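What follows is the residue order along each chain.
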Amino acid sequence: MTRTVHTFCRYCLASCGVEVTVEDNRVVRISPDKQNPHSWRDFCAKGRTAGQLVEHPRRILAPMRRVGDAYVEATWEEAVSDIAARMNAVIDADCPDAVGVYYGNPAGFSSSNVIFMNGWLDAVGTHSRYSVGSIDQNAMHVVATAMYGSMLMAPVSDIDNCDYFLLVGTNPAVSAWNWLETVPGGWRRALARQAQGATITVVDPLRTESAAKADVHLAVRPAQDWALLLAMVKVILDEGREHAQDCADLASGLDGLRALVAEADVDDLARRCDLPRAQIESVARDFASARAAMVVTRTGVSMHLTGTVAEWLGHVLNVITGRMDRPGGRRFEPGYVDAIRMSGMVTASTHRNRLSGRAMVAGAHALAELPDEITTAGSGQIRAMVINCGNPVVSGPDGAKLDAALSQLDLLVAVDFVQRESHRHAHWLLPAVHWLERDDLLAFTSNMHDEPYVHYGAQAVEPPPHARQEWQIFTDLAIAMNRPLFGARGVNAFIKATRRAAELTRLPGLAFSPRWIDRLVLATGRKFNGRRLTWRDVVSHPHGWVLGPREFGHFRTALRTPDKKVHVAPAQFVARARELLAGPMPHPPADYPMQLANRRHRHSMNSWLNELPGLHPSGKRSEVVIHPDDAAELGVADGDRVRVSSRVGEIELTASIDDLPRRGVVVIDHGWGSRVFDPRTGAAPVSHGVNRNLLVDGAAVDPLSQTPALSSSYVAVARVG
Ligand SMILES: Nc1nc2c(c(=O)[nH]1)N[C@H]1C(S)=C(S)[C@@H](COP(=O)(O)OP(=O)(O)OC[C@H]3O[C@@H](n4cnc5c(=O)[nH]c(N)nc54)[C@H](O)[C@@H]3O)O[C@H]1N2
Ligand SMILES: Nc1nc2c(c(=O)[nH]1)N[C@H]1C(S)=C(S)[C@@H](COP(=O)(O)OP(=O)(O)OC[C@H]3O[C@@H](n4cnc5c(=O)[nH]c(N)nc54)[C@H](O)[C@@H]3O)O[C@H]1N2
Ligand code: SF4
Ligand SMILES: [Mo]
């Protein structure tokens, strides 16, 4: 029997509505849902081929336990009781911090995963929490906390009214307009504005797909956006081009900002970012004088040792030129759930790591610190870990060091669809459920959509019989460990009672599930047209529901700073900027003269949609792109095998000579070189490409965001043989 299910893709924040054709519980077709009122403009091949991951030939279909070098299938009862017993033993021998977790990007695309994972972590009472944030978006959280008073205060782009786009460190033509915001069809809409006369300026060391379409391309020196943006702030303030009203009324700390720019010299800053002074000045003036404008900063800004200061200055430019909460700028979308208020009810942990002494950022410690926390003896040493939706050996710095550390754990549990590089030492592989196989109401990110919108992510197909959602795994683990879920006494007993009731009455709906939380969230949510959304509202709009027009005027009320103003000069950012200003001109070390940049492709998703045959027929992404002039100096020709090395690693790949990067910068795509194992048959692992993050040193991090130099490491390139 053929059915059609309307739902949305949960691979990236674009959250495209999709129409899934299902035959006998198999996905036969996924196409864009043209009836989706929010996302009808957007779709890509990753969503189109999502069924292939569901039917991955190497998919883990039941819990698998390591026995020697092989894996054998086990029941969930065996898995949960063995894991619980081993974790309890590790805690009894030391303390709760001996149990840790790393959670990756896809965890945020499930409405229940992170909530229940945290519930389990609170049950255990561990501080050993590591997340993808330190290799992705920490800079944004740190800046939002200091400037707006909440780490979740993510302003959204009002594209359709914008006259001047300043896009810094982002390639929306490929990655969609997303990083803590959902702007369906964002790039196409920006191009439509351009056709009507808007200016697009792209700041990127590479001539990306987006830069190629831009009116102005500033090929900045990697990691020096802070200098460019500070110079722009200086030009605007020195020339009196700021928005007087917002500077007086919305911002606080402007004097601190003025004092900082007074110490800076535009020529010095221009040399640091290696752009002509005149060009910086003209972009600053055009930006400030545009009727409507926005700066958008993304991972190309944040993934450096200077990332937080640059991210901060991007927000400062928006604030001082009056772009916040105005048409064509960045607004605050309140959504149907006040996630900011709710997150404010949880006290942020100030725990400091035992070795580095650094505090958590956005509820987690830095991935760069994980290997040492596993291998260094002493109280709090991590002995047991769960990897939840992550592939940190490939996505994070110095994967070789992390891989070696993971091999020393007493217990490693991976929750995933397939066994990837980071899971190779796992003692247990637990089979996860794909978004096509589960329901999600992503209520806590409703304020990241660029218009008021609700969509219930309906399940399209039944999961394999022995796959389980993470919420259930974490709940069962807390119960089996006899530790109270959410750290709240009585929760375990209550959940067990509902499960018993469901069994006795044969009414599965009586058993506790995250749907209870969804309903509660709606019942306490924001009102639209005078009333709150009901469950019925949500499920009766299978194509999604635009709840009303975009509204301005919510930004100020959403601010969580004590004085309800935007803090434009937080002391820690100013101090770090001073440190950078006083520092030497950026210069590569003599033995590693090149800087390693990064690329994504439309059809790959970090490290995990790369081996699917429908997406990458050639299956190869293992080249390093070198500028022709650099190649000539290095004596490298197109197609040569080259060795790229850094202080911490070396890899071999094929040279591709192209003037895409600026001189001195070489590019290797991230996300490749992750083996996919076959735990069921023990067949040889499959792998495409090379892991370029083996070259990234985890020892140095941005002191504010704890992010390593993922996109600006220094490397050497040499022809092999
Ligand atoms: N050099 C460099 N490094 C980078 C980046 C870069 O631009 N340059 N980008 C960074 C960015 S932006 C990010 S977000 C990180 C990503 O870093 P990670 O989140 O650590 O890694 P991913 O590659 O996203 O791997 C996600 C894993 O989750 C699994 N998975 C997918 N869906 C589910 C699910 O529903 N349940 C479970 N249990 N598992 C699931 C996938 O199979 C895959 O194994 O990498 C970062 N690393
Ligand atoms: N197709 C696809 N889409 C994705 C993803 C994916 O893997 N594939 N990942 C998703 C995720 S998790 C995220 S976080 C977002 C990320 O979305 P974006 O942040 O837009 O990510 P990228 O496309 O890598 O664009 C970053 C750009 O920054 C440039 N860059 C590198 N260093 C510097 C620098 O020092 N200064 C400046 N100005 N630019 C620099 C790079 O050359 C690159 O073009 O994309 C999401 N969308
Ligand atoms: S992966 Fe593609 S289809 Fe899925 S949400 Fe992102 S852009 Fe849309
Ligand atoms: Mo990301």
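All residue numbers refer to position in the chain's written sequence, counted from 1. Here every chain gets a letter starting at A, and every ligand a number starting at 1, in the order they are written. Where local features are concerned, this predicted model is filtered to residues with pLDDT of at least 70; where side-chain atom pairs are given and counted, the filter is 80 or more; whole-chain, interface and lining totals use all residues. Water and hydrogen atoms were dropped before computing side-chain values, which therefore reflect all heavy atoms in the structure.

- Under the annotation held in an unreviewed UniProt entry, the protein chain carries the name Anaerobic dehydrogenase, typically selenocysteine-containing and is attributed to Mycolicibacterium chubuense.
- Its UniProt record gives the protein chain a comment under Sequence similarities (unreviewed entry), which states: "Belongs to the prokaryotic molybdopterin-containing oxidoreductase family." UniProt positions are given in the numbering used here, feature names are shortened, and annotations may be inferred rather than shown by experiment.

**A look at helix 3 (residues 76–93)**
Reasoning step 1: Counted at 1.5 Å a residue, the expected span for helix 3 with its 18 residues is 26 Å, and the 26 Å between its end C-alpha atoms agrees.
Reasoning step 2: Within helix 3 the residues assigned to the buried category are Trp76, Ala79, Val80, Asp82, Ile83, Ala84, Met87, Asn88, Val90 and Ile91. Where helices and strands are cited, they refer to DSSP runs of H or I of at least four residues and of E of at least two residues respectively, numbered from the N terminus. Given the number of residues in a helix, its expected span is that number minus one, multiplied by 1.5 Å. Only protein chains enter the calculation, and the probe is 1.4 Å; a residue is then buried if its accessible area is under 20% of its type maximum, exposed if over 50%, and partly exposed in between.

**Some thoughts on the side chain of His141**
Reasoning step 1: Inspection of the secondary structure puts His141 in helix 5 (residues 138–148).
Reasoning step 2: By relative accessible area, which is 6% here, His141 ends up buried.
Reasoning step 3: When residues no more than four places from it in sequence are discounted, the contact partners of His141 are Met151, Leu152, Leu180 and Ala362. The contact rule is simple, with two residues in contact once any of their heavy atoms fall within 4.5 Å.

**A short note on the site of ligand 2**
Reasoning step 1: Surrounding ligand 2, one finds 32 residues, the nearest of these being Thr170, Asp204, Asp225, Thr299 and Ser604.
Reasoning step 2: If you list the elements that add at least two residues to the shell around ligand 2, you get helix 6 (172–175) and helix 14 (299–302).
Reasoning step 3: Classification used: nonpolar for Ala, Val, Leu, Ile, Met, Phe, Trp, Tyr, Cys and Pro, charged for Asp, Glu, Lys and Arg, polar for all others including Gly. Taken together, the residues that form the shell around ligand 2 break down as 10 nonpolar, 15 polar and seven charged.
Reasoning step 4: Among the domains, domain 1 (138–335 + 553–580) and domain 2 (588–721) are the pair contributing at least three residues each to the shell around ligand 2. By convention in this text, a residue qualifies as near a molecule or strand provided that one of its non-hydrogen atoms is within 4 Å of it. Boundary definitions for the domains trace back to an automatic or database domain assignment.

**Digging into the side chain of His423**
Reasoning step 1: Along the chain, the position of His423 falls in the loop between strand 16 (411–416) and strand 17 (428–431).
Reasoning step 2: On the basis of relative accessibility, which here comes to 0%, the residue His423 falls in the buried class.
Reasoning step 3: Each residue touching His423, except ones within four places of it in the same chain, is listed here: Tyr71, Ile387, Gly390, Ala414, Asp416, Val418 and Leu429.

**Considerations on the site of ligand 3**
Reasoning step 1: Around ligand 3 sit Cys9, Tyr11, Cys12, Ala14, Ser15, Cys16, Phe43, Cys44, Lys46 and Gly47, and that is every residue in its neighbourhood.
Reasoning step 2: A breakdown of the residues in the shell around ligand 3 according to their chemical character gives seven nonpolar, two polar and one charged.

**Description of the UniProt feature "domain: 4Fe-4S Mo/W bis-MGD-type" (unreviewed entry) in the protein chain**
Reasoning step 1: UniProt's entry tags residues 2–58 with the feature "domain: 4Fe-4S Mo/W bis-MGD-type" (unreviewed entry), counted in the numbering of this structure.
Reasoning step 2: Between the C-alpha atoms that bound residues 2–58 there is a distance of 26 Å. The span itself is 16% helix and 37% strand.

**Let's talk about the sheet that holds strand 11 (residues 216–218)**
Reasoning step 1: We call two strands paired when DSSP finds no fewer than two bridges between them. Reading across from one edge, 11-10-9-13 is the order of the four strands in this open sheet, with parallel pairing throughout. One side of each edge strand has no neighbouring strand; the edge strands of this open sheet are strand 11 and strand 13 (293–297). This sheet shows a mean twist of 15° between the axes of neighbouring strands, independent of strand direction.
Reasoning step 2: Sheet analysis places strand 10 (residues 199–203) next to strand 11, joined by three bridges and oriented parallel. Across the sheet, the residue bridging to Val203 is Leu218, located in strand 11.
Reasoning step 3: Across the sheet, helix 7 (residues 186–195) lies against strand 9 (164–168) and strand 10, angled at about 130° from strand 10, the strand it touches most.
Reasoning step 4: To get an axis, fit a line to the C-alpha atoms, keeping to the stretch in contact for a helix; angles then go from 0 to 180 degrees between the N-to-C directions. With respect to the sheet, helix 15 (residues 307–320) is in contact with strand 9 and strand 13, its orientation differing from that of strand 13 by roughly 170°.

**Quick word on the environment of Gly544**
Reasoning step 1: The residue Gly544 is located in the loop between helix 23 (535–539) and strand 23 (545–546) in this model.
Reasoning step 2: Residue classification places Gly544 among the buried residues on the basis of a relative accessible area of 9%.
Reasoning step 3: When the C-alpha atoms of Gly544 and Val454 are compared, they prove to be 5.9 Å apart, with 90 residues separating the residues in sequence.
Reasoning step 4: Discounting residues that sit within four places of it in the chain, Gly544 has contacts with Pro37, Tyr453, Val454 and His455.

**A few points about the packing of aromatic side chains**
Reasoning step 1: In this scheme Phe, Tyr and Trp rings, the latter by its six-membered ring, pair at centre separations within 6.5 Å, and the angle between planes marks the pair as stacked below 30 degrees, edge-to-face above 60, and tilted otherwise. The final tally for this structure, using the stated rule, is 14 aromatic pairs.
Reasoning step 2: Residues Tyr456 and Trp535 carry aromatic rings whose centres are separated by 5.3 Å and whose planes lie at 75° to one another, so their mutual orientation is edge-to-face. With a gap of 79 residues between them, Tyr456 in strand 20 (residues 456–457) and Trp535 in helix 23 connect regions that are remote in the sequence.
Reasoning step 3: On the basis of relative accessible area, Trp535 is assigned to the buried category, the value being 16%.
Reasoning step 4: Counting every residue linked through ring pairs, the aromatic cluster contains Phe116, Trp471, Phe486, Phe494, Phe512 and Trp516.
Reasoning step 5: In this structure, Arg323 is placed above the aromatic ring of Phe287, and the distance from its NZ or CZ to the ring centre is 5.4 Å.
Reasoning step 6: A cation over a ring is seen here: Arg526 above Phe528, with NZ or CZ 4.6 Å from the ring centre. Criterion for a charge above a ring: Arg CZ or Lys NZ at most 6 Å from the ring centre, at most 35 degrees from the ring normal.

**Concerning unusual backbone geometry**
Reasoning step 1: Even without being glycine, Ser15 reaches a positive phi, approximately 55°.
Reasoning step 2: Within the secondary structure layout, Ser15 lies in the loop between strand 1 (2–8) and strand 2 (17–23).
Reasoning step 3: If you check the backbone angles, Arg506 has positive phi at about 55° while not being a glycine.
Reasoning step 4: In this fold, Arg506 is placed in the loop between helix 21 (491–505) and helix 22 (514–523).
Reasoning step 5: The class of Arg506 is exposed, set by a relative accessible area of 75%.

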